[in-house]
Amino acid sequence: MGRTRTQKMEAVAPAVALDWPRLISIVLAMLGILVAGYLAWAEVTGGETACLETGPINCETVQDSAYSVTFGIPVAVLGLVGFIGMLAILLLEDQIPFFATYGRTLILAASLFGFAFQFYLTIIEATVLEAWCQWCVASFIIVTLIFAIAVYRLYKFLQPLRV
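Let us look at the structure shown here. Residue indices follow the written sequence of each chain, beginning from 1 at its first position. Whole-chain, interface and lining totals are the exception, using all residues; otherwise, since this is a predicted model, local features are given only for residues with pLDDT of at least 70 and side-chain atom pairs are given and counted only at 80 or more. Based on all heavy atoms of the structure, the side-chain values leave hydrogens and waters out of the count.

Considering the overall build of the protein chain
Then, in step 1: A run of H or I in DSSP becomes a helix once it reaches four residues, and a run of E becomes a strand once it reaches two; helices and strands are each numbered from the N terminus. Across its full length, the protein chain holds six helices and two strands.
Then, in step 2: Going residue by residue from the N terminus, the α and β elements of the protein chain occur as α-α-α-β-β-α-α-α.
Then, in step 3: Think of it in three bands: with a 1.4 Å probe and only protein chains considered, a residue is buried below 20% of the maximum accessible area for its type, exposed above 50%, and partly exposed in between. Counting every position in the protein chain, which comprises 163 residues, the buried fraction comes to 33%.
Then, in step 4: The contacts of the protein chain with a sequence gap of at least 6 include a subset with a gap of at least 24, amounting to 71%.
Then, in step 5: For the protein chain, the accessible surface area stands at approximately 10300 Å², while carbon and sulfur atoms represent 71% of it. Throughout, a contact is declared for two residues whenever any of their heavy atoms are within 4.5 Å. Surface accessibility in these figures is a Shrake-Rupley result with a 1.4 Å probe; residues are shielded only by whichever protein chains are displayed.

Some remarks on the packing of helix α4 (residues 75–92) against helix α5 (residues 97–129)
Then, in step 1: Working convention: axes come from line fits to C-alpha atoms, limited for helices to the stretch in contact. Angles between N-to-C directions cover 0 to 180 degrees. At a minimum axis distance of 9 Å, the contact between α4 and α5 shows a crossing angle of 160°. Taken together, the axes of α4 and α5 are roughly antiparallel relative to one another. In this structure, α4 crosses over α5, and the sense of that crossing is left-handed. Packed against α4, whose contacting residues are Val75, Met86, Ile89, Leu90 and Leu92, the element α5 presents Phe99, Gly103, Leu106, Ile107, Ala110, Ser111, Phe117 and Leu121 at the interface. Each angle receives one of four descriptions, namely roughly parallel if under 35 degrees, roughly antiparallel if over 145, roughly perpendicular if within 65 to 115, and oblique otherwise. The hand of a helix crossing depends on one turn: near helix anticlockwise from the far one by less than a right angle means left-handed, and clockwise means right-handed.

Some points on a negative patch on the surface
Then, in step 1: What goes into a patch is any residue over 30% in relative accessible area without a salt bridge, connected to like charges within 9 Å or, for nonpolar side chains (Val, Leu, Ile, Met, Phe, Trp, Tyr), within 5 Å. Definition used for salt bridges: Asp or Glu carboxyl oxygen within 4 Å of a side-chain nitrogen of Lys or Arg. The charged-residue count follows a simple rule in which Lys and Arg add positive charge and Asp and Glu add negative charge, with His and chain termini not counted at all. Note on charges: their place is set at NZ of Lys, CZ of Arg, CG of Asp or CD of Glu. On the surface, Glu48, Glu53, Glu60 and Asp64 cluster together to form a negatively charged patch.
Then, in step 2: Assignment of secondary structure puts Glu53 in the loop between α2 (20–45) and α3 (59–63).
Then, in step 3: The partly exposed category is assigned to Glu53, whose relative accessible area is 42%.

Let's talk about the packing of α2 against α4
Then, in step 1: It is at 8 Å that the axes of α2 and α4 come closest, and there the two elements cross at 155°. What the angle tells us is that α2 and α4 run roughly antiparallel. Here α2 runs over α4; the crossing is left-handed. The residues of α4 that touch α2, namely those facing Arg22, Ser25, Ile26, Ala29, Met30, Gly32, Ile33, Ala36, Gly37, Leu39, Ala40 and Val44, are Ala76, Val77, Gly79, Leu80, Phe83, Ile84, Leu87, Leu90 and Leu91.
Then, in step 2: Only Asp, Glu, Lys and Arg are considered charged, only Ala, Val, Leu, Ile, Met, Phe, Trp, Tyr, Cys and Pro nonpolar, and every remaining residue, Gly among them, polar. The class makeup of the residues in the contact of α2 with α4 is 16 nonpolar, four polar and one charged.

Now the structure itself:
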């Protein structure tokens, strides 16, 4: 007796469950690259960023402050490198065995560092500079979401080990 069309399709192309948290993290990392890349471009070229410049929102004050550079490297460039690194790991998780094994942990570590560093910078914006950069806040929100998803992904990955 012959196979049905569905059985033939299942034999040829097995169902692959999508890892939605990973896909969302990839999209967020791409958004982070766009935001950090824009800020890095403005910092390196000396250009100005498009900013609302209303009330406490003043990107120029934040970007010209002593806190916009760490160890001689613009913070935006560090953020760009971080987002590119996280995107690379996320994309290689299903390609390279090392990243398949340790990718979730590496993303958690990188996003934790990014979250902690940007949290510090956000506190500086609020208390010392008393000025906000909308792009910096957007980057902070993006890395916070990546961190939250990374915690969830690692939790789900380790959950079968608790049984």
